[in-house]
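# Fold and contact review
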Amino acid sequence: MEYPILSILIVLPVVGLVPLLLFPAGREGLIRIIALAVTMSEFIVSLGLTRWFKPELAGMQFTEKSDWIPGLGVSYAVGLDGISLWLVLLTTFLVMVAVAGCPEYSTHHVRRRLIGILFFEAMVIGVFTALDAVLFCVFWEGALLTIYVMIGQDGDQERRPSAAMIYGLCTMTGATVMVMAILYLHSWYYRISGIYSFDLLSWYQLSLPYSVQVPVFLCLAIAFALQLPLIPFHGWLSDVHSKAPAMTNVIVAAVLATIGAYGFVRFSLPLFPEASLQFIPVIVLLGLLGIIYGGLIALTHNDGKRVVAFFSLSQMGLVMLGLFSFNQVAINGAVLLLISHGLCTAGLFCFIGMLENRKHSFDLSQSSGLIQAMPIGAAVFLIMTMASIGFPGLSGFVGQLLILLGTIESPRVGPPFVTLAALGAILPAAYLLRMFQQTMFGEITDQKSAQLSDLEWREWIVLGSIIFVSIWIGVYPKTFTARVDPAIQNLLTHIEQKKEDDANRALSQSTAEEVEVLQMIEDMLKRGKAE
């Protein structure tokens, strides 16, 4: 493939937002059409990746590299493997869904919301394809800054300043520790090789002492865990989701959480295998806490947005369990669950937004009997709920099953953790079915609910496309796993090789020390005989 397709995917949304900046207020209809055209074009271009991607190759494909700041070893380097391939497609698909399916675009602030979402799309695709640490940081911070601005300008007038402040502090904390870690790795690479470089693939060849791996691993883990989010770094989650409009919720829950998990895959596991193995109990425990805590808290809420937000927290805990099992089947399941989580949370938040646009509320205690007014909407809502809880034949089932099967085979996790994860995975059925039952069954309690209109054709298309992909993954997951498997195998092989290299290095150092001690003893004996 000779065309710079990855650069096109990064640049196209930025170019597409320029016309939005030029249009005056009052042209919301035309602005929406342009934004939708840009996101659809972006998705169509991203489909070309699947056409030219070679599943049999485990390394990076579609690579592009050129000097950016040669004196410091900074370059514009992009590429993707089987893991990032599907995350890029997930991003372009969900951004298109957010633009087409979120009803609040018809109210106010249309232009700046769409400008924000297009810029965010470019930054996230940059995160998934960057092969230079500085470039990764630039895209990462660009994505998080965009979310901060969107939270600050959208949603509830009273709560949004505090939600934006909390998220901004979390973002700044993560940015600071990430930059510290990357600069430290850069200095170590220069110390070992004598070359200034931020090239991620070159860094993979580093053999870092355990004493170096631990602090850098912790710094990056904090930065990534803040965006997942992972307990105890979830403080911003509830306020942001409960007061944000549907579009922001789709982006935050479905896409932003994905880049946090991706950071662990691209940085933590391959760069710090020894530290990653040592911290398995901690990460797995935090993941299990997320699964159980998220489920229990969701059972206590009547706000549908908060319920879906804590569902997201629970799912990310299961993803981390799969990633840190160091098992190919479980990591494959984690990638599929990331995709399924993006689809399900996007669908649920879109549906909640559509219902809020009609009722101006999605309080479970004030909604009932909606199946009478929205029979088609109720059927769609039920399918998305079933996909979220892992019903066979839908996307959530495959990801959860592979994680549990792979984790139970992993000697590094153990059956007790798997048992707790399996029991915790039952909780989504409790609170999501509760949400469906309270809103759809029973008697209609107010006249406004009785007069609600069913799904429109645009809403049909948006939610139907999400359901179609979810069924595709659930029925024929090989389409996705065939491209992910080589990348995961390459990752695990790399980790095992680095473990062997570290062990050999430690053995050689130990042998050298023993030889030195023996030499000292021999010298002492010679001196004793001479005396």
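Since this is a predicted model, take the numbers as computed values, not measurements.

Once that is clear, we can look at the overall build of the chain. Looking only at helices and strands, one finds 21 helices and two strands in the chain. Counting only residues that meet the buried cut, the chain has 58% of its 531 residues in that class.

For the bond running from Leu228 to Pro229, omega is -10 degrees, close enough to zero to count as cis. With respect to the helices and strands, the residue Pro229 is situated in the loop between helix 8 (210-227) and helix 9 (237-243). For the bond from Ile231 to Pro232, the omega torsion is 10 degrees, close enough to zero to count as cis. Structurally, Pro232 can be placed in the loop between helix 8 and helix 9. For Phe62, which is not glycine, the phi dihedral falls at a positive 55 degrees. Tracing the chain through its elements places Phe62 in strand 1 (residues 61-69). Non-glycine residue Phe326 carries a positive phi angle of around 55 degrees. Position of Phe326 relative to the elements: it lies in the loop between helix 13 (304-323) and helix 14 (328-359).

Next up on the list: a nonpolar patch on the surface. Where nonpolar side chains cluster on the molecular surface, the patch consists of Ile292, Leu296, Leu299, Leu420, Leu423 and Ile426 and spans about 510 Å² of accessible area. If you list the elements that add at least two residues to the nonpolar patch, you get helix 12 (280-299) and helix 17 (415-424). When residues of the nonpolar patch are assigned to their parent elements, the largest contribution, three residues, is made by helix 12.

Between the first and last C-alpha of helix 12 there are 29 Å, a value that for 20 residues agrees with the 28 Å anticipated at 1.5 Å per step. Residues of helix 12 that are buried: Ile280, Ile283, Val284, Leu286, Gly287, Leu288, Gly290, Ile291, Gly294, Gly295 and Ala298. Each element contacted by the buried residues of helix 12 is listed here: helix 11 (273-278), helix 13, helix 17 and helix 18 (427-440).

Quick look at the packing of helix 8 against helix 10 (residues 246-271) now. Pairs of packed helices are described in terms of their axes, by the angle between the two and the distance that separates them. Between helix 8 and helix 10, the least distance of the axes is 7 Å, while the angle of their chain directions is 160 degrees. Relative to helix 10, the element helix 8 is oriented roughly antiparallel. Seen from above, helix 8 lies across helix 10 with left-handed handedness. Within the contact between the two elements, helix 8 uses Phe217, Leu220, Ala221, Phe224, Ala225 and Gln227 and helix 10 uses Leu256, Ala257, Gly260, Gly263, Phe264, Phe267 and Ser268. Split into classes, the residues belonging to the contact of helix 8 with helix 10 amount to nine nonpolar, four polar and no charged.

The next thing to look at is the pattern of salt bridges. Evaluated as defined, the whole model comprises five salt bridges. Among the salt bridges present, the one from Asp199 reaches Lys65, with a minimum N-O distance of 3.4 Å. Of this pair, Asp199 sits in the loop between helix 6 (160-193) and helix 7 (200-203) while Lys65 sits in strand 1, and the two are 134 residues apart along the sequence.

Attention shifts here to the packing of aromatic side chains. In the structure shown here, the tally under the stated rule is 21 aromatic pairs. Within the aromatic cluster, the residues linked to one another by ring pairs are Phe136, Trp140, Phe224, Phe264, Phe267, Phe324 and Phe326. Cation over ring: Arg191 sits above Trp188, and NZ or CZ is 4.5 Å from the ring centre.

For the rest of this paragraph, the subject is the environment of Val240. Counting through the fold element by element, Val240 comes out in helix 9. Excluding residues that lie within four positions of it along the chain, Val240 makes contacts with Ile151, Ala163 and Asn249.

Once that is clear, we can look at the nonpolar core. Leu49, Trp203 and Phe324 are the most contacted members of the largest nonpolar core, which has 187 residues in total. Each residue touching Leu49, except ones within four places of it in the same chain, is listed here: Ile5, Leu6, Leu9, Phe62, Leu80, Leu85, Val88 and Leu89.

Time to look at the confidence of the model for the chain. Per-residue confidence for the chain averages 86 on the pLDDT scale, and 89% of its residues sit at or above 70. When mean pLDDT is taken per element in the chain, strand 2 (residues 74-80) scores highest with 95 and helix 19 (residues 447-450) scores lowest with 70.

In this fold, Leu94 is placed in helix 3 (residues 82-101). Setting aside chain neighbours within four positions, we find Leu94 in contact with Val250, Ala254, Val255, Gly342, Leu343 and Ala346.

Moving on to the packing of helix 4 (residues 110-129) against helix 5 (residues 133-153). Contact geometry for helix 4 and helix 5: axes closest at 8 Å, N-to-C directions at 155 degrees. For the element pair helix 4 / helix 5, the angle class is roughly antiparallel. In the packing of helix 4 onto helix 5, the handedness of the crossing is left-handed. Between helix 4 and helix 5, the contacting residues are Arg112, Arg113, Gly116, Ile117, Phe119, Phe120, Met123, Val124, Gly126 and Val127 on the first element and Phe136, Val138, Phe139, Trp140, Gly142, Ala143, Thr146, Ile147, Met150 and Gln153 on the second.

On to the pairing of strand 2. In terms of residue burial, strand 2 counts as a mostly covered element, since six of its seven residues are buried. Here strand 1 folds back onto strand 2, and the loop between the two strands holds four residues, one of which, Gly73, carries a positive phi near 80 degrees.

Quick notes on the rules
- Sequence positions are assigned chain by chain, starting from 1 and proceeding in written order.
- pLDDT decides what is reported in this predicted model: residues at 70 or higher carry local features, side-chain atom pairs at 80 or more are listed and counted, and totals for whole chains, interfaces and linings draw on all residues regardless.
- Heavy atoms from the whole structure form the basis of all side-chain values; hydrogens and water molecules are not counted.
- Here a strand is any run of E in DSSP of at least two residues, a helix any run of H or I of at least four, and the numbering for each starts at the N terminus.
- Burial classification: accessible surface area is computed with a 1.4 Å probe over protein chains only, and a residue below 20% of its type maximum counts as buried, one above 50% as exposed, and the rest as partly exposed.
- Candidate patch residues must exceed 30% relative accessible area and have no salt bridge, after which like charges are joined if within 9 Å and Val, Leu, Ile, Met, Phe, Trp or Tyr side chains if within 5 Å.
- In this description, accessible areas are obtained by the Shrake-Rupley approach with a 1.4 Å probe, and a residue is regarded as covered only by the protein chains that are shown.
- A carboxyl oxygen of Asp or Glu within 4 Å of a side-chain nitrogen of Lys or Arg is what we treat as a salt bridge.
- To estimate the expected span of a helix, subtract one from its residue number and multiply by 1.5 Å.
- It only takes one pair of heavy atoms within 4.5 Å for two residues to be counted as in contact.
- Angles here are taken between N-to-C directions and fall from 0 to 180 degrees, while the axes themselves are lines fitted to C-alpha atoms, restricted in helices to the stretch in contact.
- Each angle gets one of four labels, with under 35 degrees taken as roughly parallel, over 145 as roughly antiparallel, 65 to 115 as roughly perpendicular, and the rest as oblique.
- In this scheme, a crossing is called left-handed if the near helix is turned counterclockwise away from the far one by less than a right angle; it is called right-handed if the turn is clockwise.
- Each residue is assigned to one of three groups, with Ala, Val, Leu, Ile, Met, Phe, Trp, Tyr, Cys and Pro labelled nonpolar, Asp, Glu, Lys and Arg labelled charged, and all others, Gly among them, labelled polar.
- Within 6.5 Å between ring centres, the rings of Phe, Tyr and Trp (the latter by its six-membered ring) count as paired, and their orientation is classed by plane angle as stacked under 30 degrees, edge-to-face over 60, tilted in between.
- Lysine NZ or arginine CZ positioned within 6 Å of the ring centre and within 35 degrees of the ring normal marks a charge as sitting over the ring.
- Nonpolar core, defined: a set of buried Ala, Val, Leu, Ile, Met, Phe, Trp, Tyr and Cys residues in which side-chain atoms within 4.5 Å join the residues together.
- Per-residue confidence from the prediction method is given by pLDDT, with values spanning 0 to 100.
- By definition, two strands form a pair when at least two bridges between them are found by DSSP.

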